Amino acid sequence: MNGTPLLRVEGLTRHFPLGHGLFGRRAGRVHALTELSFTLATGRTLALVGESGCGKTTAARAIAGLYRPDAGRVLFKGSDLAGLPRRARKDARRAMQMVFQDPFGSLNPRLTVGAIVGEPLVIHRVGTRAERRARVDDVMRGVGLDPRDGQRYPHEFSGGQRQRIAIARALVIEPDLIIADEPLSALDVSIQSQVLNLMKDLQEARGLAFLFITHDLAVVDTFADEVAVMYLGRLVELAPRDRLFAAPRHPYTRTLMAAVPVPGRGKRAPGSIPAGEVPSPITPPPGCPFHPRCPRALPVCRAEMPELEDDGGGSFVACHNPEPPPAFMPAGNIR
Amino acid sequence: MTRYIIQRLGESAVVIALMSFLIYALIGLMPGDPIDLMISSDPRLTPADAARLRAVYGLDRPLLERYLSWAVAALGGDFGNSRLHVRPVLDVMPTFLLNTVKLMGLSFVISVTVAIPAGVYAAARQNSRFDHIVNLLCFAGISVPVFWLALMLIIVFSVMIPILPASGVGSIGGGGVWDAVRHLVLPVTTLTIFSIGSYTRFVRAAMIEVLRQDYIRTALAKGAGRARVIWVHALRNAMIPVVTVVALSFGTLLSGALITETMFAYPGMGKLIYDSIMGNDYNMALVTLLFATAVTLAANLLADIAYAWLDPRISYGGSEGVRP
Amino acid sequence: MTALPPALIHVRRGMVTLFARRFLDHRLAVASAVVLALLALLAVAAPVAEWALGVDANAVSLAARFLPPSATHPLGTDELGRDLLARLLYGGRVSLIVGLAAALASAVIGTVIGLAAGYYGGKLDIVLMRLTDGVIALPLLPLLIVLAAVDLTKIGLPEALARDADVSLYRMVAIIALVSWTTVARLVRGATLSVREREFVLAATACGAGPLRIMTVHILPNVVSPIIVATTLSVGNVILLESVLSFLGLGIQPPIASWGNMLTGAQELIWSAPELVFWPGALIFLTVIAFNFLGDGLQDALDPRAIAR
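Residues numbered from 1 in each chain as written. Chains lettered and ligands numbered in written order. Predicted model: local features only at pLDDT ≥ 70, side-chain atom pairs only at ≥ 80, totals over all residues. Heavy atoms only, no water.

**What about helix H2 (residues 86–94) of chain A?**
Reasoning step 1: Residues A:Lys90, A:Ala92 and A:Arg93 constitute the buried set of H2(A). An end-on view of H2(A) places all buried positions within 160° of arc, on one side of the element.
Reasoning step 2: Buried-residue contacts for H2(A) involve strand S4 (71–76), strand S6 (96–99) and helix H3 (113–123) of chain A together with helix H11 (199–206) of chain C. (Buried < 20%, exposed > 50% of the residue type's maximum accessible area, 1.4 Å probe, protein only. Helix = DSSP H or I, 4+ residues; strand = E, 2+ residues; numbered from the N terminus. Arc of directions from axis to C-beta. Contact = heavy atoms within 4.5 Å.)

**Let's talk about the nonpolar core**
Reasoning step 1: One finds B:Phe147, B:Ile259, C:Ile145 and C:Val277 to be the most contacted residues of the largest nonpolar core, which totals 105 residues.
Reasoning step 2: For this core, the leading source of residues is helix H15 (residues 274–302) of chain C, giving twelve residues.
Reasoning step 3: Membership of the second largest hydrophobic core comes to 37 residues, among which are A:Leu33, A:Leu40, A:Phe76 and A:Met98. (Core = buried A, V, L, I, M, F, W, Y, C linked by side-chain atoms within 4.5 Å.)

**Re the interface of chain C and chain B**
Reasoning step 1: Contact with chain C, which involves 48 residues of that partner, is made by 46 residues of chain B.
Reasoning step 2: In total, about 4,200 Å² of surface goes out of reach between chain C and chain B, with carbon and sulfur atoms giving 75% of it.
Reasoning step 3: When the buried surface of chain C facing chain B is broken down by residue, C:Val146, C:Lys154 and C:Phe285 rank first, second and third, together holding 13% of it.
Reasoning step 4: Where chain C touches chain B, the interface holds one salt bridge.
Reasoning step 5: The partner of C:Arg130 in a salt bridge is B:Glu11, with the nearest N and O atoms 3.0 Å apart.
Reasoning step 6: Put simply, chain C and chain B have four residue pairs in polar contact (both at pLDDT 80 or more) between them.
Reasoning step 7: Of all the elements in the fold, those that place two or more residues in the side of chain C that touches chain B are helix H6 (122–136), helix H7 (140–149), helix H13 (224–247), helix H14 (266–272) and H15 of chain C.
Reasoning step 8: Tallying contributions element by element places H15(C) first for the side of chain C that touches chain B, with twelve residues.
Reasoning step 9: Classifying every residue of the side of chain C that touches chain B by side-chain character gives 35 nonpolar, six polar and seven charged. (Buried area = accessible area lost by both parts, 1.4 Å probe. Salt bridge = Lys/Arg side-chain N within 4 Å of Asp/Glu carboxyl O. Polar contact = N/O pair within 3.5 Å; in protein donor to acceptor, adjacent residues only side chain to side chain. Nonpolar A, V, L, I, M, F, W, Y, C, P; charged D, E, K, R; others polar.)

**A word on the pairing of S6(A)**
Residue and element names in this part refer to chain A.
Reasoning step 1: In S6, alternate side chains face the same way, and those of Met96 and Met98 on one face and Gln97 and Val99 on the other are all buried.
Reasoning step 2: As judged from the four bridges shared by S6 and strand S7 (residues 177–181), these two strands associate in the parallel manner. Across the sheet, the residue bridging to Val99 is Ala180, located in S7. (Pairing = 2+ DSSP bridges.)

**A look at the state of the cysteines**
Reasoning step 1: For the structure shown, the criterion picks out zero disulfides over all chains.
Reasoning step 2: A:Cys294 carries a free sulfur, and the closest cysteine sulfur to it, the one in A:Cys319, is 6.0 Å from it. (Disulfide = S-S within 2.5 Å.)

**Here we look at the packing of aromatic side chains**
Geometry of an aromatic ring pair is reported as the spacing of the ring centres plus the angle between the planes.
Residue and element names in this part refer to chain C.
Reasoning step 1: Counted by the stated rule, this structure contains 19 aromatic pairs over all chains.
Reasoning step 2: Between Phe278 and Trp279, the ring centres sit 5.3 Å apart and the planes meet at 75°, which makes this aromatic pair edge-to-face.
Reasoning step 3: Using a relative accessible area of 36% as the deciding quantity, one classes Phe278 as partly exposed.
Reasoning step 4: The class for Trp279 is partly exposed, based on a relative accessible area of 34%. (Phe/Tyr/Trp six-rings, centres within 6.5 Å; stacked < 30°, edge-to-face > 60°.)

**Notes on the sheet that holds strand S8 (residues 209–214) of chain A**
All names here are of chain A.
Reasoning step 1: The sheet built from eight strands is open, its strands ordered S6-S7-S8-S3-S9-S10-S12-S11 with mixed pairing. Of all the strands in the sheet, just S6 and strand S11 (309–310) have a single pairing partner and so form its edges.
Reasoning step 2: As defined by bridge partners, S7 adjoins S8 across five bridges and the pair is classed as parallel. Directly across from Ile178, in S8, lies its bridge partner Phe210.
Reasoning step 3: Packed onto the sheet, helix H6 (residues 189–206) meets strand S3 (45–49) and S8 and runs at close to 160° relative to S8. (Axes fitted to C-alpha atoms, helices over the stretch in contact; angles between N-to-C directions.)

**Remarks on the confidence of the model for chain A**
All names here are of chain A.
Reasoning step 1: Per-residue confidence for chain A averages 82 on the pLDDT scale, and 87% of its residues sit at or above 70.
Reasoning step 2: The weakest mean pLDDT in chain A belongs to H2 at 79; the strongest belongs to H3 at 93.
Reasoning step 3: Long-range and interchain partners of residues 267–272, a stretch whose pLDDT sits below 50, account for nine contacts in this model, where long-range means more than four residues apart.
Reasoning step 4: Across residues 331–335 the pLDDT falls below 50, and counting only partners more than four positions away or on other chains, this stretch makes ten contacts in the model. (pLDDT = per-residue confidence, 0-100.)

**Thoughts on the pattern of salt bridges**
Reasoning step 1: Tallying each qualifying case throughout the model produces 24 salt bridges over all chains.
Reasoning step 2: For the salt bridge of A:Arg61 with C:Glu199, the shortest nitrogen-to-oxygen distance reads 3.2 Å. Placement of A:Arg61 in helix H1 (residues 56–63) and of C:Glu199 in helix H11 is noted, with the two residues assigned to different chains. The residues A:Arg61 and C:Glu199 share a single accessibility class, namely buried.
Reasoning step 3: A network of salt bridges, in which partner residues are shared, links B:Arg8, B:Glu11, C:Arg130, C:Asp133 and C:Arg186.

**Concerning the pairing of S7(A)**
Residues and elements named next belong to chain A.
Reasoning step 1: Across the five residues that make up S7, a large majority, five, are buried.
Reasoning step 2: Burial along S7 is two-sided: Leu177, Ile179 and Asp181 and Ile178 and Ala180, pointing in opposite directions, are all buried.
Reasoning step 3: Once the chain exits S7 it traverses H6 before rejoining the sheet at S8, and the crossover so formed is right-handed. (Right-handed = clockwise from strand over helix to strand, strands pointing away.)

**Quick word on a nonpolar patch on the surface**
Reasoning step 1: Judged by side-chain polarity, B:Tyr121, B:Phe130, B:Trp231 and B:Val232 come together as a nonpolar surface patch covering roughly 340 Å² of accessible area.
Reasoning step 2: Mapping B:Trp231 onto the fold places it in helix H10 (residues 226–263). (Patch = residues over 30% accessible without salt bridge, like charges linked within 9 Å, V, L, I, M, F, W, Y side chains within 5 Å. Areas by Shrake-Rupley, 256 points an atom, 1.4 Å probe, with all protein chains shown as cover.)

**So, the sheet that holds strand S5 (residues 79–80) of chain A**
All names here are of chain A.
Reasoning step 1: With antiparallel pairing, the four strands of this open sheet are ordered in space as S2-S1-S4-S5. At either margin of the open sheet sits one strand with a lone partner, and together these are strand S2 (29–40) and S5.
Reasoning step 2: Relative to S4, strand S1 (residues 7–17) is paired through five bridges, and the arrangement is antiparallel. What sits directly across from Arg8, in S4, is Leu75.
Reasoning step 3: Of the strands in this sheet, S1, S2 and S4 touch H1, which is tilted by about 115° from S1.

**Observations regarding the packing of H3(A) against helix H12 (residues 211–219) of chain C**
Each pair of packed helices can be described by the angle between their axes along with the distance between the axes.
Reasoning step 1: Running from amino to carboxyl end, H3(A) crosses H12(C) at an angle of 160°, the nearest separation of the two axes being 13 Å. Regarding the angle of H3(A) to H12(C), the classification is roughly antiparallel. At the point where H3(A) passes H12(C), the crossing takes the right-handed sense. For the pair H3(A) and H12(C), the contacting residues are A:Glu119, A:Val122 and A:Ile123 in the first and C:Arg213, C:Val217 and C:His218 in the second.
Reasoning step 2: Looking at the contact of H3(A) with H12(C), its residues break down into three nonpolar, one polar and two charged. (Parallel < 35°, antiparallel > 145°, perpendicular 65-115°, else oblique. Left-handed = near helix turned anticlockwise from the far one by under 90°.)

**Let's talk about the environment of B:Gly223**
Residues and elements named next belong to chain B.
Reasoning step 1: With respect to the helices and strands, Gly223 occurs in the loop between helix H9 (214–221) and H10.
Reasoning step 2: On the basis of relative accessible area, Gly223 is assigned to the exposed category, the value being 57%.
Reasoning step 3: As for Gly223 and Leu98, which are separated by 125 residues in sequence, their C-alpha atoms are 50 Å apart.

See the structure below:
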């Protein structure tokens, strides 16, 4: 570890006010993201997992600077993006690119693929027109597309190809970090692994860091170094991948894994599938947000919000009554 | 709701105030001014007299100052005298207003009576021959130049087959109710042809939209009487946008009335506005234009309130969306 | 709502063909396009017709007043002995030019206002939409009459310029554009609001694109359909407004012929020469209805509900 991490998120909070009710009554707000904190080092992958609606996408967008946070900050290479003047913030964004979930929505239907992939270069005024062309062709080859396809429009491509285009757009400016918001979920399973392998190869070749937002634990298992589990806008567990899969500490993580069998990780963990509905993020329950569904809930869980604490073994857990720690942890738990 | 109405009334007052200044300024830019008119009517006045008169009437003061003194007087109920009618502006307006209400009211009732059944029927039989004919006629109605339509009606019904009077509200010497009605026929027809066209289109579009909805399809599929579903359930829901649009159209209708009234020398508000603008009757022009603005604003407000009233899904608080 | 089913991808692929087919299905719109093309052609060819007939559209001849149709004057002559056909063709030029120019100008104003309001949102949106509502609430025709009657010398224009007939043409375009941008502004704002939330806009923002780039490169090309439809429909309205003002003697000034000002003296002609009253109005009617049908056809053909997005 050499001083400042690539990305450091501190207490990031974002609430969305709901529309006013009929004739001016305020209808409340959605607690989309509450006090998210983590760090991500150069060249590594952090997976942000959770059920849909848990605030993953909000987190990704707030980190990318698309939403102004209500509290907290995002330090990218040691500087707070929100505090930077416009020009500097634009420069900082060069090194942080985003890949979106929906490859049909994230490409402007009125631009050619070449224009889409080359847009970051135009925005950041990189090179001459010819140099940009060459770079676009290069990066398109890099993601397995034919550079001649640059003349065509997005609607002429399949979902997998479109996601490759989106990845090419993110790569063209040679960023250090790619924030990928569910980049696979809109794709067919067979295409998913292709795109995933592409991202892994690119990471190895270019030393990219990934903030990978997903609900798919199988993907997490093959790609992530560390895993952050979110529930109802809050971080409930943050742990190295192997440790998390071997011994989830938060009951929610455990139920999540029980619900989704992960290939190669043996049979389903004996545990209960979460009972009941996810509570509304508009009126989160008092205490731990998971307590209404938690098999290990104690009376204190109903009253007091647990803090995220270091369990001494490399995991951070926010739970009053965590699952027992593993009896044995293999040395060098991170790859 | 009350808060919303108060807020809107406040906004309307601001628009009226801005509008009054705009019109005041514009009218000052029209050819000639009151002193020029005096000079042209009295050749003995010298340029020195003119300058003195300007000072007396305050016409040499800056625009804003003149406007403010007008506004203060207006707020006190004094809108000045009409130059053409040589009477206080407010005394002149009622007769003209009444005539316009008669003309527009009659036209409105006829238009709605024709437009609703025609629009509903066309929507219920979309793409039928009837629908195509209605559509064609609607387009004709909204595309015809009103002044030319008036001229054509006069040529046909007053010149070629002289059965109807071409101008005024009554024959000289008075002719009773029948005479008054005869004088209304051509202006009302002119005004009505345009509004039938636009209303029918709105009714048809709104009905098509409603008939697409699942609950209507369900009702039809369940075997509810087709006529009942269309004329009761669907029409009731289609009326929401129609009411709004019809209220909004009052402004347009007033413009139509201006041309119609001018063409048929019908002494209504439209003709009053036109004559006062063209006749340098500044006070009258100012007040009548403001009145027209106020009517349009009131119609808009009523439309929005009616919309909120009819459609419980609409909220008027303005919501803050998610913004990048 | 994530991926489209494969079937819709094919629909999308044939978007242009689909548009063409849907438009061609709209027979009235196609007929209107043909009529408008013919009218435009005739208007452009006005000097040719003048030359072929050996007449001068502006030559006043008291000896030739109210001539019946003949070989030299296919539609006869007007109350000042001018050839009616030649004047109608020149009038068509003016009506079409004013209609197109004012509609385009108002489309530009409306697009800029709608984009800004929809994209920036917040206070700017509120102010711009209140402005739009305010303009919509104005009594349009009376206001246009006032604007058209304004004495240009009083705002500092030289006398010669203020009385110039050509200036009356620019002035018509300007004042009509000034009051008729509201429809486009509202439509563009609405479309912008929905396009703004699409992921490709977020993607460009995340990449560091500035507001100007977002609006011109990413939003504008995706909101052109409503602009095209509204502008086409507004051409008809503009022509109506121009003709009314010219008819009232406030619009296009003689000797330039316009369909509106050819009717200025019509109230005296209804007894003596009703056919002189018929032609200019009939052409206005034809042109306006053609633009309205064209706009209607474009609307159907570009209907987003019918085309997978």
